[in-house]
Structures are given as structure tokens and as C-alpha cells.
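Architecture at a glance
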Amino acid sequence: MHLDDLYKQAVLAHNREPQNYYPMENASHVALGNNALCGDEIRIFLDIDSNNLINRASFQGEACAIATAAASIMTDWLAGQQTDDAQAAALAFEQMLRGGEVNTALLGENALLEAVKHFPDRVPSAQLCWSAMCAAIDGVAEISTEKPA
Amino acid sequence: MNSAVDVAEKWDIDAIRAQFPTLNREVHGQPLIYLDTAASAQRPLAVIDAITDFYRNHNANVHRGVHSLSQEATELWENARTTMRDFIGASSCKEIIFTRGMTEGVNLVAQSFIRPRVGPGDKILITAMEHHSNIVPWQLVCEQTGAELVVAPVNQRGEVDLDGFSQMLDERVKILAMMHVSNALGTINPVAEMTRMAKAAGIPVLIDGAQASPHIQVDVQAIGCDFYCVSGHKMYGPTGIGVLYGREQLLEAMPPYHGGGEMIRTVSFEKSTWNDLPSKFEAGTPNIAGGIGLGAAATFIQQIGVENISRHEADLLSYGTQRSLEIDGLNIIGTAADKTGVMSFTIERVHPHDIGTIINHAGVAIRTGHHCAMPILKQFGVAGTARASLGMYNTRQELDVLVEAIVKACKMLR
């Protein structure tokens, strides 16, 4: 597997200029994801309305390029999704990183990270924001992703 | 092994590298450049051959039989103990306990020596730069006894603050446990001086020598410590084996750590009696091949000459540090005046994990992350670093490749 498949130009662009990178005031749901093994830490902020619609998503943290790009892409994608669709996508994303059969169309731009499955030690990096997002929806304040998916 | 002696006389790096078969392989189509010796060193043929020879020709249990193979195995195993005795400068084989590694050595001392001697109000003193393996065993003892773990300060170069340290030496401190050389920073601690200061206050001293034994001369009697632990795989030997040196008088007075075969003299259901040193602390069939391999590693280092290794690695450290500072935004973590070949660094706007993955594709193996020393990295305000660590087999050319690979990675990521 070539390095350029992991660090695609589009992924690198999200790392250089992450989208939705700010602490959201009045977020309805917040959770911190961390991976002590590599020192990654990402906080996810969600604005979810009473109909379980995610209006906005943002993030902040110190993390590697893969984790940062994944969070940038994911938060872009989340805006306008229902929470159960977001949770279903989290499962599909995990399946994809495990090398399973996944309809990547469901994942939109998040499928850019598919090549991470060929770099098992980097799977927790890509997974971090998704785990934090699910934790936020579930009302869990902090979650750790130190084991490969 | 004659070649190792020739090698030492004129420091023939090609001949040294030829002793390490792993260095011949490629990674992602590039020659392997192994800069992760602080995590685990590569093994020379002398070690591989010693292990193979044991399993092929002498395999049997030790101290168990009258038959020839058992006697040969016992002789090889005890010869390895003698080699390790000489390697670290102990005076008696009774003071050389084979363990699974440095971690087990610390746990043994924590449980058998310290646990019965401390209670609420007592203190266990470590330094801020310790590896988790010299923190957590003491935290367990503190939980078990109510003793308190106290931490000597480290300055911004990554050196122990000796004034702060000396102020912490009081009668409630029941042991000083410190590393000889830092795996995360490379700092060589002034262990002899610190041991003198502790002993003057009546405090026993344990030293974690895992990162010292492959790189600098170790002499436990010159240091004056009570306990000293090493790990085989850090010093070009096998994994799962190490040595704990303990002063005979202290070991004699300590209860066994593990119970089982070998460590007993007699067993009855009413009461068992313990074997003499060092067997008292070696319950069960040990890692025989590992011990023999460790002895071979120590002999290999002695034949190359640890002072030659130190000199070579100091030259590489100086060269590598100078070259790495050419990299835009690179910040070295750990700038002690006295260092072994460890270059721990961060780079602005580039995460260590990405560096590690990208340069791996250029064949360069480094460690990224917290290096099992989270507290000291936290003091430096970082969650992780990239770390290139040197061994006797590394070259200036390899460091050139490292620097070029990092520059390329930075270009890609920024």
C-alpha cells in the first residue's frame, strides 16, 4: 500500500485547513476522545435539536493528520444528519476500517479515509472523532480509543 | 567472535553491522535504518547462535538432573550469570538474580524489600523522568501500605535538579528509585553522586539501568547502589530476560518474591524452607535460553568495548543533533549536558505519529508517542514526541537519510 493512498491530497488539505475547527458555544452535546498511546485528543461539539437533527458539528484538539482530517470531514458531513444516521455511519466507518464490505456511498466524503484500513496502527486515529461523536450523542463525557478497531 | 575483537580495535562499522542480520533487510523497498534501539535493540549473531546452540545441542532443565544435558544446561546458565556479574561489576553470583526484565526487578524489590518496611507517613522517592516501570510498582506499594510517592524535580534541560533532590532526602524516605539513563530524553543521571547523597541520609537506592547497560559503563560497586536492574533486549540480548543485582546482605534478609520449584530447600505441608541466593528469587524453570542469550550479549558488548560504543554513539548524537536542527520548526526535548544517543523531538505543525508513518516508508524505524514516560513529557508540555535512538550499528549516513526523510514528510504535511 502506497503512502499517497493514506495521505491523499484531499486528506492533507483537511489537515492543513481543518473545517469546523472551533469550540462551539451552547453546544447541546460535547465529548472528548483521546488516545493516550499516540497522544491524540479531539473534542467534538454537536448542536442537536429536539427532533434529533444535528444542525452543526465542530471539533478542537491536538491530533495527527489522519485524526484531524477525519474530524474535519466528519463534522462537515454531520451537519443536517439525523443522530441515528450518524450512529449508523459510525458503524459503517468502523466496518470500512476493519476491511469489511461497506456501501461507502453512505459515508460520503468520509470514505476518503478508506485506505487507513491498510495501516492498522493508524486505525484508532481515524476512529477517534467518530467514537467521540457517538459518545457525545450518548451523553458520555470522555472516550478512549487505544485499541485498533 | 574473534571478529568482534578486531572490530573494536579499529572500529570497523561494516564488520559490526555484519553481526546484525536484521540490518540486511529492506522495508518498503528501502534499506532498513533502525533508530529504535531504546525500545529494543537488534540482536547480533552471537546471541542468535547462543540460543540456537542451546536448543539444538544442550536443551534440558537446569539444576534438576544428573544427566549430561541437564549438567551442560546448568553450566551454560550459570556461566551466563557469571558473565552478568562481571558485566555490571558485582562481587558475587549470589547477587545476580535472573528476572523477566527490568520491570520484574523493580517489582521484586518493591514487594519483597520495600513493602514490609513502609507504612503511612513513609515516602518512596523517584524522579520526574522515570519510565512507567519505575513508577507503577511503587504506586502499588503505596496503595498497599499507605506510603507516599514523592518525585524529585527535573529541570527544563531534562536533568534532575540536585538542589531540589537533596531537600527531599529525609528520614521518612525508605528508598530512592531512579533511572540511570532516560529512555525518553537520553539524560545520563549522576547516579553515583545521587547515591552518595541518598546513602548519607541512610536511604537505600535502586537504579533502573535498562537504558544504561547497552551504552555506557556500569559498575554497581563504584555507583554504590543497593539494587540495579537491566533488561536483556535493550542490550542486544533476548526479550523476557533481565538481571536484578542486589546487595547480598539485603537479598538474604528479604522474603521470596515468587513461590515454586527451585526457590525452596525443603517443602512440607506444614512449612517450606528457602533455597540459598540466588535461587531463592528464581522460582520455577527460568528462561534458560534467554539467560544464555543475555550472557552472549554481554560478552559481545565487552568484546566490542563499551567505551568504544559510547564514543561512537556520542559522535552520532552530536552529528544527528546538529543535522536535525536544520529542520524547520524542530524542537529537541531533552538537552542534558550528559546524554546517550537519544534524539527526542517535536516539529511545529507536524504530528510525531505522521512523521513515524511517513519515514517508515523510507525504511526509517523510529518510535513515536509517549515512550512509557507520560509524566516527563507532560512536564515538557507535549503528549508525545518522535524519538530516534541510536545503537552501536548506526552511522552518520543513516542520520542523513533520517533528516532527509523528515524534511520530505514536513513538506508533505504542511
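Residues numbered from 1 in each chain as written. Chains lettered and ligands numbered in written order. Predicted model: local features only at pLDDT ≥ 70, side-chain atom pairs only at ≥ 80, totals over all residues.

What follows deals with the domain arrangement of chain B. Many authors give the size of an interface as the accessible area that is lost as the parts come together. Residues and elements named next belong to chain B. The assigned domain composition of chain B is domain 1 (2-36 + 305-413) and domain 2 (49-302). Domain 1 and domain 2 are separated by 28 Å when their C-alpha centres are compared. Facing 23 residues of domain 1, the contacting portion of domain 2 comprises 23 residues. At the level of elements, α12 (306-324), β14 (342-347) and α14 (374-379) are the ones that each hand at least two residues to the side of domain 1 that touches domain 2. Here the residues of the side of domain 1 that touches domain 2 sort into 11 nonpolar, 8 polar and 4 charged. (Domains from an automatic or database assignment. Contact = placed C-beta atoms within 7 Å. Helix = DSSP H or I, 4+ residues; strand = E, 2+ residues; numbered from the N terminus. Nonpolar A, V, L, I, M, F, W, Y, C, P; charged D, E, K, R; others polar.)

With that settled, the discussion passes to helix α3 (residues 45-58) of chain B. Residues and elements named next belong to chain B. When the terminal C-alpha atoms of α3 are compared, their 18 Å separation across 14 residues agrees well with the 20 Å that a helix rising 1.5 Å per residue should span. Those residues of α3 lying buried are Ala46, Val47, Ala50, Ile51, Phe54 and His58. Seen along its axis, α3 keeps its buried residues to an arc of 135 degrees; they face one direction. In α3, the exposed positions that point more than 90 degrees away from the buried face belong to Tyr55, Arg56 and Asn57. On its buried face, α3 sits against α4 (68-88) and α11 (288-304). (Expected span 1.5 Å × (residues − 1). Buried ≥ 20, exposed ≤ 12 C-beta atoms within 10 Å, placed from the backbone. Arc of directions from axis to C-beta.)

All names here are of chain B. By secondary structure assignment, the location of phenylalanine 113 is in helix α5 (residues 102-114). Classification of phenylalanine 113 as buried rests on a count of 24 C-beta atoms within 10 Å. Sequence separation of phenylalanine 113 and aspartate 86 is 27 residues, and the distance between their C-alpha atoms is 24 Å. Setting aside residues no more than four positions away along its own chain, phenylalanine 113 makes contact with Leu250 and Met254.

Residues and elements named next belong to chain B. Two elements in contact, α12 and helix α15 (residues 396-413), have axes whose closest approach is 10 Å; the angle formed by their N-to-C orientations is 20 degrees. For the element pair α12 / α15, the angle class is roughly parallel. In the crossing of α12 with α15, the sense of the turn from one axis to the other is right-handed. On the side of α12, the interface is formed by Leu316, Tyr319, Gly320, Arg323 and Ser324, while α15 contributes Arg396, Leu399, Asp400 and Val403. Taken together, the residues of the contact of α12 with α15 sort by class into 4 nonpolar, 2 polar and 3 charged. (Axes fitted to C-alpha atoms, helices over the stretch in contact; angles between N-to-C directions. Parallel < 35°, antiparallel > 145°, perpendicular 65-115°, else oblique. Left-handed = near helix turned anticlockwise from the far one by under 90°.)

Turning our eyes to something else, we now look at the pairing of strand β1 (residues 29-35) of chain A. All names here are of chain A. Within β1, 5 of the 7 residues are buried, which leaves the element mostly enclosed by the surrounding structure. Inspection of the sheet shows β1 paired to strand β2 (residues 40-48) by 7 bridges, in the antiparallel sense. Bridge assignment links asparagine 34 to a residue of β2, and that residue is glutamate 41. Between the end of β1 and the start of β2, which pair antiparallel, lie 4 residues, with glycine 39 showing a positive phi angle near 80 degrees. Of the strand pairs in this sheet, β1 and strand β4 (residues 142-144) are connected by 3 bridges, and their pairing is parallel. Opposite glycine 33, over in β4, you have isoleucine 143 as the bridge partner. (Pairing = 2+ DSSP bridges.)

Residues and elements named next belong to chain A. Sheet architecture is open: 4 strands sit in the order β3-β2-β1-β4, paired in mixed fashion. The sheet is open, and its two borders are formed by β3 (54-62) and β4, each paired with just one other strand. On average, each strand axis in the sheet is inclined to that of its neighbour by 20 degrees, with strand direction left out of account.

Attention now goes to the nonpolar core. In this structure, Ile124 and Ile292 of chain B are the most contacted members of the largest nonpolar core, which totals 124 residues. Top contributing element to this core by residue count: α11 of chain B, with 10 residues. Each of domain 1 (2-36 + 305-413) and domain 2 (49-302) of chain B accounts for three or more of the residues forming this core. Those residues in contact with isoleucine 124 of chain B that sit more than four places away from it in its chain are Ile114, Trp138, Val141, Cys142, Ala147, Leu149, Lys174, Ile175 and Ala177 of chain B. One finds Ile42, Cys64, Ala70 and Leu113 of chain A within the second-largest nonpolar core, a separate group that totals 46 residues. (Core = buried A, V, L, I, M, F, W, Y, C linked by C-beta atoms within 7 Å.)

Residue and element names in this part refer to chain B. With respect to burial, strand β9 (residues 227-231) is a largely interior element, 5 of its 5 residues being buried. Residues Phe227, Cys229 and Ser231 line one face of β9 and the alternating positions Tyr228 and Val230 line the opposite face, and both faces are buried. Relative to β9, strand β8 (residues 205-208) is paired through 3 bridges, and the arrangement is parallel. Following the sheet pairing, leucine 206 is matched in β9 by phenylalanine 227.

So, about the packing of helix α3 (residues 65-78) of chain A against helix α5 (residues 123-138) of chain A. Residue and element names in this part refer to chain A. The N-to-C vectors of α3 and α5 enclose an angle of 40 degrees; their axes lie 6 Å apart at closest approach. On the basis of their axis angle, the class for α3 and α5 is oblique. For α3 against α5, the interelement crossing comes out right-handed. Between α3 and α5, the contacting residues are Ile66, Ala67, Ala70, Ala71 and Met74 on the first element and Ser125, Ala126, Leu128, Cys129, Trp130 and Met133 on the second. Tallied by class, the residues present in the contact of α3 with α5 amount to 10 nonpolar, 1 polar and no charged.

Once that is clear, we can look at the sheet that holds β14 of chain B. All names here are of chain B. Pairing within the open sheet is antiparallel, and its 4 strands lie in the order β13-β14-β17-β16. This sheet does not close on itself; its edge strands, each paired only once, are β13 (330-332) and β16 (367-369). Between one strand and the next, the sheet's axes are offset by a mean angle of 30 degrees, whatever the strand orientation. The pairing of β16 with strand β17 (residues 385-389) spans 3 bridges and is antiparallel. Across the sheet, the residue bridging to threonine 368 is alanine 386, located in β17.

Let us look at the environment of isoleucine 203 of chain B. Residue and element names in this part refer to chain B. Tracing the sequence through the fold places isoleucine 203 in the loop between α8 (191-200) and β8. Accessibility expressed as a C-beta count within 10 Å gives 21 for isoleucine 203, which makes it buried. Among residues more than four places away in sequence, those in contact with isoleucine 203 are Leu169, Val173, Ile175, Leu176 and Ala198.

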